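# Topology and contacts: notes
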Amino acid sequence: MVYYVGENHEGSCPNPALAASGVGLEVAQSWEKAIRQALMPVTPQPSICTPGGQGKDHKELSISISVSNCQIQENVDVSSVYQIFADEVLGSGQFGIVLKGKHRKTGRDVAIKVIDKMRFPTKQESQLRNEVAILQNLHHPGIVNLECMFETPERVFVVMEKLHGDMLEMILSSEKSKLPERITKFLVTQILVALRHLHFKNIVHCDLKPENVLLASAEPFPQVKLCDFGFARIIGEKSFRRSVVGTPAYLAPEVLRSKGYNRSLDMWSVGVIVYVSLSGTFPFNEDEDINDQIQNAAFMYPPTPWKEISTEATDLINNLLQVKMRKRYSVDKSLSHPWLQDYQTWLDLREFETRRGERYITHESDDARWEEHAKKHNLAYPKHFIMAPNLDDMDEGP
């Protein structure tokens, strides 16, 4: 790899105007220092800042915001805490590129979103801060954990837990570029449980799509975590917003028409995610009005592949893709739908929770019902499920 560090146009005399434009000796030296630190081997650092001559340089380079306790620590440079692998791109988010990183002391893998502040207007910078502010107040197994944030005059580094991949990759890499119903139910239930936590806190994600549904492992039935909260809005149950947000293919009609929207916006996106997962295609043609297409159900559900997909699945999709917001299913109504109230789905989720030793998707109040269901239909009911308290019970009350 070849790094272009810079050139000195003004001899040895510092020029503040040049430095501000990204040119000059001081800029070149700071880049060289940053690159050298980023390429350091992963070894424990005895101290971040020496009391002598380096203190001032480090202070100019970076401050660190520890999200867990919101304390701002000066004199901390991101590359002294994390090794950043510039050639390992994990993805690109709304505000910048996401690179693989490693915590130098523990060797723990992380994902580091690198945002070039010079490339983005103030509005988008405020959306990034919005994402950080929202994530630091969210603690749920179904939502990506934010570790900390570093900021320099030119860049922002947001450090998050590293996961295996995303739901879009899973769909595209699957046979026929679509997912079986059993796996889709397993993933969608987790998405809905994470959404329930968000909506309980009056947060609407506003940009739900398979790329923002991360998978924790390469297992056939992986843990799901929601990410990318750059567009998320704090919206009460009856509140309405009008700003245009999100990704067009997954956007509800009320947003496309600049009408007021509320938390039901996320539910429309869930309907599109279910449709895309099961069929590998989008439900709507961009050139036609969504109203007209919904009325023409034959267009939405062509025989290939929908004749092989259960009517319960299409019924849930139809109840989520409702143009009128008041008719659209909520999180709880979706979780109670017959397509998701399925014994095999419950077994898959309980097996997953038992492996994790943490119960946050299913509820113990349903155990007796499913055990009775198994007896009635002569189905096997595993006795090894470990009873664990629901996180929702502790976090959200009755």
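Just so you know, these numbers come straight off a predicted model, no measurement behind them.

### What to know about the nonpolar core
Note on soluble globular proteins: their nonpolar side chains tend to be buried together. One finds Val158, Leu187, Leu226 and Val270 to be the most contacted residues of the largest nonpolar core, which totals 72 residues. With near-sequence residues (within four places) excluded, Leu226 lies in contact with Gly142, Ile143, Val144, Ile191, Ala194, Leu195, Leu198, Leu208, Asn212 and Val213. Val78, Val81, Cys148 and Val159 belong to the second largest nonpolar core, which has 12 residues in total.

### Describing the sheet that holds strand S11 (residues 224-226)
Strand order in the open sheet formed by three strands is S8-S10-S11, and the pairing between neighbours is antiparallel. One side of each edge strand has no neighbouring strand; the edge strands of this open sheet are strand S8 (165-166) and S11. Pairing between strand S10 (residues 213-215) and S11: three bridges, direction antiparallel. Note on S11: the bridge partner recorded for Leu214 is Lys225. Running over the sheet, helix H7 (residues 181-200) touches S10 and S11 and is turned about 35° from S11.

### Side note on the side chain of Thr354
Mapped onto the secondary structure, Thr354 falls in helix H15 (residues 343-356). On the accessibility criterion, Thr354 (17% relative accessible area) is buried. A distance of 2.6 Å separates the side chain of Thr354 from the backbone oxygen of Arg350, its partner in a polar contact.

### Quick look at the UniProt feature "binding site: ATP" (unreviewed entry) in the protein
UniProt tags Lys113 as "binding site: ATP" (unreviewed entry). By the element assignment, Lys113 lies in strand S5 (residues 109-116). For Lys113, a relative accessible area of 4% gives the class buried.

### Points about the packing of helix H9 (residues 264-279) against helix H13 (residues 311-320)
The N-to-C vectors of H9 and H13 enclose an angle of 150°; their axes lie 8 Å apart at closest approach. Classified by the angle their axes make, H9 and H13 are roughly antiparallel. Crossing of H9 over H13 shows left-handed handedness. Contacts from Met267, Trp268, Val270, Gly271, Val274, Tyr275 and Leu278 in H9 reach Ala313, Ile317 and Leu320 in H13. Considered class by class, the residues forming the contact of H9 with H13 number nine nonpolar, one polar and no charged.

### Describing H7
With 20 residues, H7 extends 28 Å from end C-alpha to end C-alpha; this agrees with the ideal 28 Å at 1.5 Å per step. Counting buried positions along H7 yields 17 of 20 residues, so the element is predominantly enclosed. Following H7 by one or two positions, Asn202 adopts a phi angle in the positive range, close to 60°.

### Describing the pairing of S5
Judged by how many residues are buried, S5 sits mostly within the fold: six of eight residues are covered. Across six bridges, strand S4 (residues 97-103) lies against S5 in antiparallel orientation. Paired with Val98 across the two strands is Lys113, which belongs to S5. Hairpin connection, S4 to S5: the antiparallel pair is bridged by five residues, and Gly107 has positive phi, about 75°.

Basis of the calculations
- Residues numbered from 1 in each chain as written.
- Predicted model: local features only at pLDDT ≥ 70, side-chain atom pairs only at ≥ 80, totals over all residues.
- Heavy atoms only, no water.
- Core = buried A, V, L, I, M, F, W, Y, C linked by side-chain atoms within 4.5 Å.
- Buried < 20%, exposed > 50% of the residue type's maximum accessible area, 1.4 Å probe, protein only.
- Contact = heavy atoms within 4.5 Å.
- Pairing = 2+ DSSP bridges.
- Helix = DSSP H or I, 4+ residues; strand = E, 2+ residues; numbered from the N terminus.
- Axes fitted to C-alpha atoms, helices over the stretch in contact; angles between N-to-C directions.
- Polar contact = N/O pair within 3.5 Å; in protein donor to acceptor, adjacent residues only side chain to side chain.
- UniProt positions renumbered as here; feature names shortened; annotations may be inferred.
- Parallel < 35°, antiparallel > 145°, perpendicular 65-115°, else oblique.
- Left-handed = near helix turned anticlockwise from the far one by under 90°.
- Nonpolar A, V, L, I, M, F, W, Y, C, P; charged D, E, K, R; others polar.
- Expected span 1.5 Å × (residues − 1).

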